[in-house]
Amino acid sequence: MPPKDITAIRSKQHYSECSIFEGFIDYISFLTMKKRGYAYGRLSEEQDFIILNSVTNLPKAIPLLEGYDSIYSFLDNDNAGRETHAKLVAAYGDKVVSMSEHFNDFNDVNDLLCWFEKKHE
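Described below are features of the structure shown in this document. The model shown is predicted, which means the values in this text are computed figures rather than measured ones.

**Some remarks on the overall build of the protein chain**
At step 1: Of the regular secondary structure elements, the protein chain holds four helices and five strands.
At step 2: Walking the protein chain from its N terminus toward its C terminus, one meets helices and strands in the order β-β-α-β-α-β-α-β-α.
At step 3: Along the first, second and third principal axes, the C-alpha set of the protein chain runs to 40 × 35 × 30 Å.
At step 4: Within the protein chain, the proportion of its 121 residues that are buried is 44%.
At step 5: Counted over contacts in the protein chain with a minimum sequence separation of 6, partners at least 24 positions apart contribute 79%.
At step 6: For the protein chain, the accessible area works out to roughly 6,900 Å², and carbon and sulfur atoms hold 51% of it.
At step 7: Side chains of the protein chain give 13 positive and 19 negative charges; the mean places of these two sets differ by 3 Å.

**Regarding the packing of aromatic side chains**
At step 1: Tallying each qualifying case throughout the model produces ten aromatic pairs.
At step 2: Put simply, the rings of Phe21, Phe24, Tyr27, Phe30, Phe49 and Phe74 touch in pairs and so form one group of aromatic residues.

**Notes on helix H3 (residues 79-92)**
At step 1: Between its terminal C-alpha atoms H3 stretches 20 Å, which fits the 20 Å expected from 14 residues at 1.5 Å a residue.
At step 2: Among the residues of H3, those classed as buried are Gly81, Thr84, His85, Leu88 and Tyr92. The buried residues of H3 all sit within an arc of 100° when viewed along its axis, so they share a single face. Across from the buried face of H3, at angles greater than 90 degrees, the exposed residues are Asn79, Lys87 and Ala90.
At step 3: Following H3 by one or two positions, Gly93 has its phi on the positive side, about 55°.

Conventions we followed
- Residues numbered from 1 in each chain as written.
- Predicted model: local features only at pLDDT ≥ 70, side-chain atom pairs only at ≥ 80, totals over all residues.
- Heavy atoms only, no water.
- Helix = DSSP H or I, 4+ residues; strand = E, 2+ residues; numbered from the N terminus.
- Buried < 20%, exposed > 50% of the residue type's maximum accessible area, 1.4 Å probe, protein only.
- Contact = heavy atoms within 4.5 Å.
- Areas by Shrake-Rupley, 256 points an atom, 1.4 Å probe, with all protein chains shown as cover.
- Lys, Arg positive; Asp, Glu negative; His and termini not counted.
- Charge placed at Lys NZ, Arg CZ, Asp CG, Glu CD.
- Phe/Tyr/Trp six-rings, centres within 6.5 Å; stacked < 30°, edge-to-face > 60°.
- Expected span 1.5 Å × (residues − 1).
- Arc of directions from axis to C-beta.

Everything listed here is a matter of coordinates, which is why it stays silent on function.
Written as C-alpha cells, this is what we have:
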C-alpha cells in the first residue's frame, strides 16, 4: 500500500487564507456544516485547503503554507493534533489560528457534525 500524501485544494489566484485538516472526513464535515449554516467565525469563503491525511504528513504541507496571511488549524483534539498544531505555530507563529474552540467537547470536526445531526433530527 503506498504511503499517504497530503491533498491541497488551492485556487488559481492563491488566496491569503488556508484551512488545514487532519483528515478528509473532517474537511467534508466542515463543508457540510458551512452549507447547513453552522458558523465558523471569521473564515472567508475565499480560502485554500490542505488535508494532511495523517499528521505525519505535516512536513509535506509546511512549504505549501508559505505566503498565507492566516492558517486555520482544524486538527483533532488529541495529543497528535495538539502536537501538530504546536509545530504549525512554531513554523508560522501568530498566522496560525486554532479552530478547536469550535469543537472543544469533541475529538474532531466530524464528531461535532454527528452531534449536530443527532440534535437536529
